[in-house]
Amino acid sequence: MSDRRAPRASALTILIGGGLILFAVQSQPGGYSLGDVPEVFNRVFNRYLI
């Protein structure tokens, strides 16, 4: 804002994050508990990054 430019990167990041949240809600309708988060993180990390 101080450079008088539109925050395009920020808007794109928010849209991508919203899309990922929507995808997570549709793929796991019951949601995840706080205890499930580490296991889910490891599963996604192993699937896509290893």
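Sequence positions are assigned chain by chain, starting from 1 and proceeding in written order. In keeping with the predicted nature of the model, local features appear solely for residues at pLDDT of at least 70, side-chain atom pairs appear and are counted solely at 80 or more, and the whole-chain, interface and lining totals rest on all residues. The basis for every side-chain value is the complete set of non-hydrogen atoms in the structure, without hydrogens or water.

1. Examining the overall build of the chain
Alright, step 1. When helices and strands are counted, the chain shows 2 helices and 0 strands.
Alright, step 2. Restricting the calculation to C-alpha atoms gives the radius of gyration, and the globule rule supplies 2.2 Å times the number of residues raised to the power 0.38. Relative to the 2.2 N^0.38 estimate, which gives 10 Å for 50 residues, the radius of gyration of the chain is 16 Å and therefore markedly larger than a compact globule would have.
Alright, step 3. With respect to the three principal axes, the spread of C-alpha positions in the chain is 45 × 25 × 15 Å.
Alright, step 4. Looking at the 50 residues of the chain, the share that counts as buried comes to 2%.
Alright, step 5. Split by element, the accessible area of the chain, about 4,900 Å² in all, is 65% carbon and sulfur. A helix here means a DSSP run of H or I that spans at least four residues, while a strand means a run of E at least two residues long, and both kinds are numbered starting from the N terminus. Here the term buried applies to any residue with accessible area under 20% of the maximum for its type, exposed to any over 50%, and partly exposed to those in between, with areas from a 1.4 Å probe on protein chains only. Under the convention used here, a 1.4 Å probe and the Shrake-Rupley method define accessible areas, while residue burial counts only the protein chains that appear.

2. What about the pattern of salt bridges?
Alright, step 1. In the sections that follow, a salt bridge refers to a side-chain nitrogen of Lys or Arg positioned within 4 Å of a carboxyl oxygen of Asp or Glu. Counted under the stated rule, the structure contains 1 salt bridge.
Alright, step 2. A salt bridge links Arg43 to Glu39; the nearest nitrogen and oxygen atoms lie 3.6 Å apart. In this pair, Arg43 and Glu39 are both assigned in helix H2 (residues 37-49), 4 residues apart and thus about one turn of the helix distant.
Alright, step 3. Note on Arg43: relative accessible area 38%, which makes it partly exposed.

3. A few points about the environment of Thr13
Alright, step 1. Of note, Thr13 is situated in helix H1 (residues 8-27).
Alright, step 2. On the basis of relative accessibility, which here comes to 54%, the residue Thr13 falls in the exposed class.
Alright, step 3. The spatial distance from the C-alpha of Thr13 to the C-alpha of Val25 is 18 Å, given a sequence separation of 12 residues.

4. Quick notes on the packing of aromatic side chains
Alright, step 1. For Phe, Tyr and Trp, where Trp contributes only its six-membered ring, two rings pair if their centres lie within 6.5 Å, and the inter-plane angle classes them as stacked under 30 degrees, edge-to-face over 60, or tilted in between. Under the criterion given, the structure shown has 1 aromatic pair.
Alright, step 2. Judged by centre distance (6.2 Å) and plane angle (15°), the ring pair of Phe41 and Phe45 falls under stacked. Pair noted here: Phe41 and Phe45 are both in helix H2, with a separation of 4 residues, about one helical turn.
Alright, step 3. Residue Phe45 is classed as partly exposed on the basis of its relative accessible area, which comes to 35%.

5. Details of H1
Each turn of an α-helix holds 3.6 residues, which means side chains three or four residues apart point in the same direction.
Alright, step 1. By this rule the span expected of a helix is its residue count minus one, scaled by 1.5 Å. The terminal C-alpha atoms of H1, which comprises 20 residues, lie 29 Å apart, in line with the 28 Å expected from a rise of 1.5 Å per residue.
Alright, step 2. Burial analysis of H1 places just 0 of its 20 residues in the buried class, a small minority of the element.

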